[in-house]
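Here is what each chain is made of, one letter per residue.
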Amino acid sequence: MKCQLISQCPTDAHLMLWKIHTPAWPRTLHPLLEEMALQDEAQSTPFGLNGVCQQLTLLPSADIECPQVLRQLTESLSTVLPSPLAHPVVLDISGFSLGNPTVFARLRTLLVAIMNRFYQLPQLGYRQQPPESHDQVWLLTAEHSERAIELAAQTQAIANGMRLSRMLSDTPANDCRPQDIARQAEEWANGHRQTHCDILDENDIHELGMGCLEATGKGSNNPPRLVTLRWQGTHENAPYYAFVGKGITFDTGGLWLKEGEGMRTMKYDMCGAATVFGLMETVKQLQLPLNVVAVMALAENMPGEKAMLPGDVVKSHAGLNVEIINTDAEGRLVLADALSYAATRFKPAALIDVATLTGAVVKALGYDISGLMSNHSQLSQQLQQAAELTQDRVWPLPLDESFDPQVKSHIADLTNTPPNNAAIAVSAAHFLSKFCHQTPWAHLDVSGTALSRGKFTQASGRPALLLTQYLLDLGKVDL
C-alpha cells in the first residue's frame, strides 16, 4: 500500500473533500458541492463530476481535533468507501495545519483507517478470483512541506504494518501454526541488515525452563515456538524497548474445552503476536533510531493425550512454580515465560505485552477501548498520552499488591486463575506482573479491540497506532 502527495487529482480516483475547505473545491464542481453541503452527514456520488474524478465524497466537519468528530468520520468510511474499493483515494489535506501535533495525529488516524479499507479477506488467497485492490491513497496539498511528507510516510508505514498483522490474524489456523509464523518471521528478518530473528523450538523451550509455554503447547501435534524479532536502529549499548505478543494460534481451551460458539473466533487468539510482528514492519519502514524487540509466544492449545491437566504444577522461566487450575487460562501462561525471557535477556527500558487475554475486559470496556494495567506510572502515562493523541483508546485499571490473593496457590507459588471468579482482567495482569523482574511493564488487554465486528469478524490491527505513537514520542523522531 502506498500513501503519496499530489497537487492535482487524477481523473480515475475517488476524491474526498471537506465542507469548510471551499478553496480546494474544483471550480467546475462548485454547484454540485454546494448542494451536497446542505446535508449534515458525509455525501458521496459518482454523478455530475465533469471528468474531474470517478467518485466524489464531501466530508462534513473537519474538526478532527474533536474525538467525536474523528469517530464519526472513521465510522462513515464503511459507507463512503464500500469494499472492494474500485478506485484509488485522494484526500484533500490542504486546509489543515500540520504543525499542530493533535491535528497531525488525528489526520493520520483517519488516513490509516482509509488505507485499511483496501485490505479485504479474499486477498488471503482462498478464493479462485480474489478482487483487485488499488492500494493507493494520495494526499492533495498545494505545498509538499516536510510535515506533509512525514504524514504520508508515517501513514504508509503504519498501514503496511497493520496489513501484515491483520493478514496473519485472519489466516485460518490450519495455515497459521506456530511453525508457520516462525517461518514467516525468519523470512521477514532476512530482508534487511538491521533486522534479526531468533527461533526457539520445543527442545530449546524445554532446555530454558519455559514450563508454562511448554505445558500450553504439548497437547498439540504442532509444538510451540518462541520467536524474537529485533530491530537494531541505533548503537548496541542503547536500551531496548520490548514488546511481547500472545500467540495462541488456536485455542480450544485444552481439557477445559470451550463451547462451540466460544471456539468460533479462536484463530484470533494470536492477535497480540500478530500486532507486535506488524509493529516491527512499521519500525523498519520508518527506520526508527531505536532498538526494538518483539517476542512472540506461539502455541496451539489442544486437548491431546499429552495436554496439560487441571491441577498440574509447572516451573516457569522465572523460577516460580505455577499451579494450572484452568487450562483455558493459557494466555497468561505463555506470556509469563515470554515476559521473563524478554526482561532477562534484553533488560529493556520498557516492556509492553499485547494480548487477547480476558473476556472480562470486554464486559468492562466494550469493543472500542483496550484495558491498560502497569507497574510503572510513567510508562502508563506515556501510553495514555499516545492513546489520547491517536484515539487508539485505552483505559487504566488498578494493579497493586491487594490483588495478591487472586493469584495465590495453596500448593505452588502462583495459580493461573483466581479462586473467586472476581476481577478477572486485573487478576490476569497481576499474575503477569510477577514475571517482569522489576522491569517497567505495561499490559494491554485487547480482547475487545483486536477484532472489528460488522457483517463479519476480522482483525482490526489495533493497537498499532498507539504503539507506533509511543515509539515516535520516545525519541521525538524527525522523519
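Residues numbered from 1 in each chain as written. Predicted model: local features only at pLDDT ≥ 70, side-chain atom pairs only at ≥ 80, totals over all residues. Heavy atoms only, no water.

(A) Representation of the sheet that holds strand E5 (residues 89–92) in the model. One open sheet holds the 6 strands; their spatial order is E1-E6-E5-E2-E4-E3, and the pairing between them is mixed. Each edge of the sheet is formed by a strand with only one pairing partner; in this case those strands are strand E1 (2–6) and strand E3 (43–45). Neighbour-to-neighbour, the strand axes of this sheet turn through a mean angle of 20 degrees, independent of strand direction. In terms of strand pairing, strand E2 (residues 14–18) meets strand E4 (residues 55–59) through 5 bridges, oriented parallel. Looking at E4, one finds that Met-16 is bridged to Thr-57. The strands that helix H3 (residues 101–116) touches are E1, E2, E5 and strand E6 (136–140); relative to E5, the one it contacts most, it runs at about 165 degrees. (Pairing = 2+ DSSP bridges. Helix = DSSP H or I, 4+ residues; strand = E, 2+ residues; numbered from the N terminus. Axes fitted to C-alpha atoms, helices over the stretch in contact; angles between N-to-C directions. Contact = heavy atoms within 4.5 Å.)

(B) Representation of the environment of Ala-297. Considering the arrangement of structural elements, one finds Ala-297 in strand E10 (residues 291–301). For the pair Ala-297 and Asp-337, spaced 40 residues apart in the sequence, the C-alpha separation amounts to 8.2 Å. What Ala-297 contacts, discounting residues up to four positions off in sequence, is Arg-225, Leu-226, Gly-245, Lys-246, Gly-247, Ile-248, Val-334 and Ala-338.

(C) Structural context of helix H14 (residues 464–475). A rise of 1.5 Å per residue sets the reference length of H14, with its 12 residues, at 16 Å; its end C-alpha atoms lie 18 Å apart and thus fit the reference within 8%. The element H14 is largely enclosed, with a buried count of 9 among its 12 residues. For H14, the set of buried residues is Ala-464, Leu-465, Leu-466, Leu-467, Thr-468, Gln-469, Tyr-470, Leu-471 and Leu-472. Positive phi shows up at Lys-476, right after H14, with a value of about 45 degrees. (Expected span 1.5 Å × (residues − 1). Buried < 20%, exposed > 50% of the residue type's maximum accessible area, 1.4 Å probe, protein only.)

(D) Structural context of unusual backbone geometry. The residue after Arg-462, namely Pro-463, is reached through a cis peptide bond having omega 10 degrees. Here Pro-463 shows up in the loop between strand E19 (457–459) and H14. Even without a glycine there, the phi angle at Asn-50 is positive, about 55 degrees. Its location among the elements puts Asn-50 in the loop between E3 and E4. Even without being glycine, Gln-287 reaches a positive phi, approximately 55 degrees. Here Gln-287 is to be found in the loop between helix H9 (271–286) and E10.

(E) Inspection of the pairing of strand E13 (residues 350–355) at higher detail. For E13, the tally of buried residues reaches 6 of 6 residues, placing the bulk of the element in the interior. Here E13 shows a buried face lined by Ala-350, Ile-352 and Val-354 and a second buried face lined by Leu-351, Asp-353 and Ala-355. Where E13 meets strand E17 (residues 441–445), 5 bridges bridge the pair, whose relative direction is parallel. Following the sheet pairing, Ile-352 is matched in E17 by Ala-442.

(F) Structural view of the packing of H3 against helix H4 (residues 146–170). Relative orientation of the contacting elements H3 and H4 amounts to 40 degrees, with a least axis distance of 9 Å. Judged by the angle between their axes, H3 and H4 are oblique. Between H3 and H4 lies a crossing whose hand is right-handed. Counted together, Pro-101, Phe-104, Leu-107, Arg-108, Leu-111, Val-112, Met-115 and Asn-116 of H3 and Arg-147, Glu-150, Leu-151, Gln-154, Thr-155, Gln-156, Ile-158, Ala-159, Met-162 and Arg-166 of H4 form the full contact between these two elements. (Parallel < 35°, antiparallel > 145°, perpendicular 65-115°, else oblique. Left-handed = near helix turned anticlockwise from the far one by under 90°.)

(G) Here's a closer look at the state of the cysteines. For the structure shown, the criterion picks out 0 disulfides. Looking at Cys-212, it has no disulfide partner, and the nearest cysteine sulfur is the one in Cys-436, 13 Å off. (Disulfide = S-S within 2.5 Å.)

(H) Focus on the side chain of Gln-123. Position of Gln-123 among the secondary structure elements: in the loop between H3 and E6. Dropping the residues within four chain positions of it, Gln-123 is found in contact with Phe-118, Ser-133, Arg-163 and Met-167.

(I) The pattern of salt bridges, seen in detail. Taken as a whole and judged by the stated rule, the model has 18 salt bridges. Ionic pairing is found between Arg-177 and Asp-180, a salt bridge with its closest N-O pair at 2.9 Å. With relative accessibility at 26%, the residue Arg-177 sits in the partly exposed group. Classification of Asp-180 by relative accessible area gives buried; the value is 12%. Here Asp-269 ties to Lys-246 by a salt bridge, and the two come within 2.9 Å at their closest N and O atoms. Residue Asp-269 is located in the loop between helix H8 (260–263) and H9, and its partner Lys-246 is located in strand E9 (residues 240–251); the two are separated by 23 residues in the primary sequence. We classify Lys-246 as buried; its relative accessible area is 3%. (Salt bridge = Lys/Arg side-chain N within 4 Å of Asp/Glu carboxyl O.)

(J) Representation of H9. Here H9 is 16 residues long and its end C-alpha atoms lie 22 Å apart, about the 22 Å a rise of 1.5 Å per residue gives. With respect to burial, H9 is a largely interior element, 15 of its 16 residues being buried. Backbone geometry just after H9 places Gln-287 at a positive phi near 55 degrees.

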